[in-house]
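Structural features, examined
Spelled out, the chains give:
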Amino acid sequence: MQALIANDNHSWDSAGLRRNISAAIGNGKFNIPIAAAQMLPALLDKPYLDVMYVDCPASGQQEAVVSELDTIHVVYEVFQPEICHRIELTVEVGATILDVMELAQTNNTQYFKFEKTRTVWGWMITAIGGTEAKSAQHTYWEFLVGNKPITEGVSSFHVQDGDDITARLAPY
């Protein structure tokens, strides 16, 4: 975004890029405030320091009420070195991977207990099943849905019916 802001002729606004980014923010794609804040200067055509003076009108949207009957089924797997644990779960529509992890932990603390640390970007998973991700060993907990790495944090990624969620200790 900073490269786009620095481009004085605003040629980057072609094909409705501003409109698409604004729509993505409205649809919750940047629901972590710091991520959306990085987009605002370019969207509002204002310097970064002037963005704090922008009035934001109320959206008028109401949160949807989720019925107890609105549930989906997911599979959650944890791959540790040479060990794999799997659990099938039923969660509410709109659940995140973090919600799935909390339910799995409730069902089986031995294999699915996890630790997390709050960062400005959301929760970071630091340990699962007693196995810690360690920066000294250049490892982290990677999350995949199907065979694709997630592009959002575990507290932002909403699971869908039939998702196969994998957590694996991976090198970086």
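Please read these numbers as outputs of a predicted model, since none were measured by experiment.

Right, let's get into the pattern of salt bridges. Applying the stated criterion across every chain yields a total of 3 salt bridges. E77 is the salt-bridge partner of R86, the closest N and O atoms lying 2.8 Å from each other. According to the relative accessible area criterion, R86 is partly exposed, its value standing at 49%. Of the residues examined, E77 reaches a relative accessible area of 11% and is grouped as buried. Across the pair E102 and K116 runs a salt bridge whose closest N-O atoms are separated by 3.5 Å. Of this pair, E102 sits in helix α4 (residues 97–107) while K116 sits in strand β3 (residues 114–119), and the two are 14 residues apart along the sequence. On the basis of relative accessibility, which here comes to 32%, the residue E102 falls in the partly exposed class.

Pairing between the strands of a sheet comes from backbone hydrogen bonds, and it takes one of two forms, parallel or antiparallel. Taken in spatial order, the 3 strands line up as β3-β4-β5 in an open sheet, and their pairing is antiparallel. In this open sheet, the two strands that pair with only one neighbour each are β3 and β5 (131–132). Across 6 bridges, the pairing between β3 and strand β4 (residues 122–128) is antiparallel. Within β4, the position partnered with R118 by the bridge is W123.

A word on unusual backbone geometry. Phi at H138 is positive, roughly 55°, even though this residue is not glycine. Locating H138 in the fold gives a position in the loop between β5 and β6 (139–145). You can call H138 partly exposed: its relative accessible area is 43%.

I97, L98, V100, M101 and A104 are the residues of α4 that are buried. When α4 is viewed along its axis, its buried side chains cluster within an angular range of 155° and face the same direction.

In this section: the environment of K148. When you line up the elements, K148 lands in strand β7 (residues 148–149). Taking the C-alpha atoms as reference, K148 lies 9.6 Å from I165; in sequence the two are 17 residues apart.

With respect to the helices and strands, Q80 occurs in strand β1 (residues 71–80). Here the side chain of Q80 touches G129 through a polar contact of 3.5 Å, landing on its backbone oxygen. Within polar-contact distance, the side chain of Q80 engages the side chain of T131 at 3.2 Å. Sequence-distant contacts of Q80, defined by excluding residues within four places in its chain, comprise H85, I128, G129, T131 and W141.

Within β1, 7 of the 10 residues are buried, leaving the element largely enclosed by the surrounding structure. As paired elements, β1 and strand β2 (residues 83–92) share 10 bridges and run antiparallel to each other. Counterpart to F79 in the pairing with β2 is C84. Between β1 and β2, which pair antiparallel in sequence order, lie 2 residues; one of them, E82, sits at a positive phi of approximately 65°. Where β1 lies against strand β8 (residues 164–171), 5 bridges are found, and the strand directions are parallel. Among the inter-strand pairings, F79 is bridged to a residue of β8, identified as R168.

On inspection of all chains with the given rule, the structure shows 2 aromatic pairs. Judged by centre distance (5.5 Å) and plane angle (40°), the rings of Y76 and F112 are tilted. Separated by 36 residues along the polypeptide, Y76 in strand β1 and F112 in helix α5 (residues 109–112) bring together distant segments of the chain. Note on accessibility: Y76 and F112 belong to one class, buried. With a centroid separation of 6.3 Å and 65° between ring planes, the pair formed by Y140 and Y172 is classed as edge-to-face. Highlighted residues: Y140 in strand β6 and Y172 in the segment after β8, separated in sequence by 32 residues. Using a relative accessible area of 32% as the deciding quantity, one classes Y140 as partly exposed. Here Y172 falls in the exposed class, since its relative accessible area comes to 55%. The positively charged end of K116 is found above the aromatic ring belonging to W123, 4.3 Å away from the centroid.

Rules used in this analysis
- Residues numbered from 1 in each chain as written.
- Predicted model: local features only at pLDDT ≥ 70, side-chain atom pairs only at ≥ 80, totals over all residues.
- Heavy atoms only, no water.
- Salt bridge = Lys/Arg side-chain N within 4 Å of Asp/Glu carboxyl O.
- Buried < 20%, exposed > 50% of the residue type's maximum accessible area, 1.4 Å probe, protein only.
- Helix = DSSP H or I, 4+ residues; strand = E, 2+ residues; numbered from the N terminus.
- Pairing = 2+ DSSP bridges.
- Arc of directions from axis to C-beta.
- Polar contact = N/O pair within 3.5 Å; in protein donor to acceptor, adjacent residues only side chain to side chain.
- Contact = heavy atoms within 4.5 Å.
- Phe/Tyr/Trp six-rings, centres within 6.5 Å; stacked < 30°, edge-to-face > 60°.
- Lys NZ or Arg CZ within 6 Å of the ring centre and 35° of its normal.

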